[in-house]
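Chains, contacts and geometry: an overview
The primary structure of each chain is shown beneath.
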Amino acid sequence: MPDSLTASAPVRRSPRDWTVDTALFLLAVAYGVASAKGRAPADPGIGLNWADVEQMAGVFGCVLLWLRRRKPVEVAFVLIGLSVLFEMVAGAMLVALFSVAVHRSPRTTAVVYTASLLPVVSDVFIRPDAALPAFHFFLFGTIVQAGAVGWGLFIHHRRKLLVQVAAEAALRAEQVQLRAREEVAREMHDVLGHRLSLLALHAGALEYRPDAPSEDVARAAGVIRESAHQALQDLREVLGVLRAPAGELPQPTLADVHRLVAESCAAGMRVRLLKEIPEAAPDLIGRTAYRVVQEALTNVRKHAPGAAARVQVTGKAGEGLAVEVVNAAAGTRPAAPAGAAAGQGLAGLAERVALAGGRLEYGPAGDGGWEVAAALPWPREA
């Protein structure tokens, strides 16, 4: 893993970066000037005024801070070395320690901080303070440098938390998008399965009755054309949602069960709707009930062609919603349970019902047919 929150330091500074860097530069200059008390070591005898050398070192150290964003560790070690001899570099070294703590890992910061204690030890021997005992002087320097490092570690940790929060938010958004796409896949199965089963029903009628009157053939062909057109339209809507994850498919409601039964009857099925559909249910409950009826009728067309079916939807707020679709045995051919070969469709339907807080039951009926029943919650406060 990289030793910083970002793989590389930014090449260009933002206005905020310029403001922060300028403030830290001035702070380093002020601290260096205030910390230089004239306790320079003896003239090393090289013909130079040590005070001038100290000032040049301080200026060089402060200027070096403008590279701290790109190479914080290297800048820190250079300033630590200069601080052993030149007290005016102390302010720049504190800023460098702060930068290392912000931009590098705590392990690297610990190593640099340990090295930064060398100038504190050297000050005790090279620039002792008569008014302050050596131990107190060492303790003071250690605490000041620890404060700079601690401040930097706090900012480092805060930035890391912000990055983690952003990553978690992105992950949650991705999971929401994935769930939305799974929902679209279910819608595609339900909607297109219904349309294509109508197509298969009419095509099968034309196949089994090639001698049908031309009017019947024309009517069946018209229904096939209309169903194919509607299937393509539904497919376009689904693909539109997949291209735009924020979008949503137009969702059916409980009142659309009437239209669903009417479409099946128009396709030649014998479907009877028992009783009246209850008053408008909550969106999730109504949509789930619609999908239960749609999947059950689709399976009747696929697995029990010619069988009569009955649909019953009852319930009210506070009592729940009950959906029941039962088909008799097939009339012209042996009964095939409506759902015997539709395991994935019914499994997906059971998952949809469970997400709505209900339960789905299906299995053979007493007369050789097939029954699908769902119980959905309908809270009174809804």
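Residues numbered from 1 in each chain as written. Predicted model: local features only at pLDDT ≥ 70, side-chain atom pairs only at ≥ 80, totals over all residues. Heavy atoms only, no water.

**What about the packing of aromatic side chains?**
Within this structure, the stated rule accounts for 3 aromatic pairs. When the centroid spacing of 5.7 Å and the interplanar angle of 40 degrees are considered together, the rings of Phe25 and Trp66 count as tilted. You can see Phe25 sitting in helix 1 (residues 15-35) and its partner Trp66 sitting in the loop between helix 2 (50-64) and helix 3 (72-85), a full 41 residues away along the chain. Phe25 sits in the partly exposed class, given a relative accessible area of 22%. In this structure Trp66 comes out as partly exposed when scored by relative accessible area, which is 26%. (Phe/Tyr/Trp six-rings, centres within 6.5 Å; stacked < 30°, edge-to-face > 60°. Helix = DSSP H or I, 4+ residues; strand = E, 2+ residues; numbered from the N terminus. Buried < 20%, exposed > 50% of the residue type's maximum accessible area, 1.4 Å probe, protein only.)

**Examining the confidence of the model for the protein chain**
Model confidence for the protein chain is summarised by a mean pLDDT of 77, while 79% of its residues fall at 70 or above. Note on residues 38-46: pLDDT under 50 across the span, and 11 contacts to partners over four residues away in sequence or across chains. Across residues 332-342, confidence stays below pLDDT 50; counting only partners more than four residues off in sequence or on other chains, it has 21 contacts. (pLDDT = per-residue confidence, 0-100. Contact = heavy atoms within 4.5 Å.)

**Let's talk about the nonpolar core**
In a soluble, globular protein the nonpolar side chains are often hidden away together inside. Counting residues in each nonpolar core, the largest one holds 32 residues, and the members touching the most others are Leu254, Val293, Leu297, Val311, Val313 and Leu321. Counting only elements with at least two residues in this core, the list comes to helix 8 (257-266), helix 9 (283-303), strand 2 (308-316), strand 3 (320-327), helix 10 (343-355) and strand 5 (370-376). At 8 residues, the largest contribution of residues to this core is made by helix 9. Excluding anything up to four places from it in sequence, Val311 contacts Val261, Val271, Arg272, Leu273, Leu274, Val293, Leu297, Glu324 and Val325. Core analysis: the next-biggest nonpolar cluster, separate from the first, contains 29 residues, Val75, Leu82, Ala96 and Ala101 among them. (Core = buried A, V, L, I, M, F, W, Y, C linked by side-chain atoms within 4.5 Å.)

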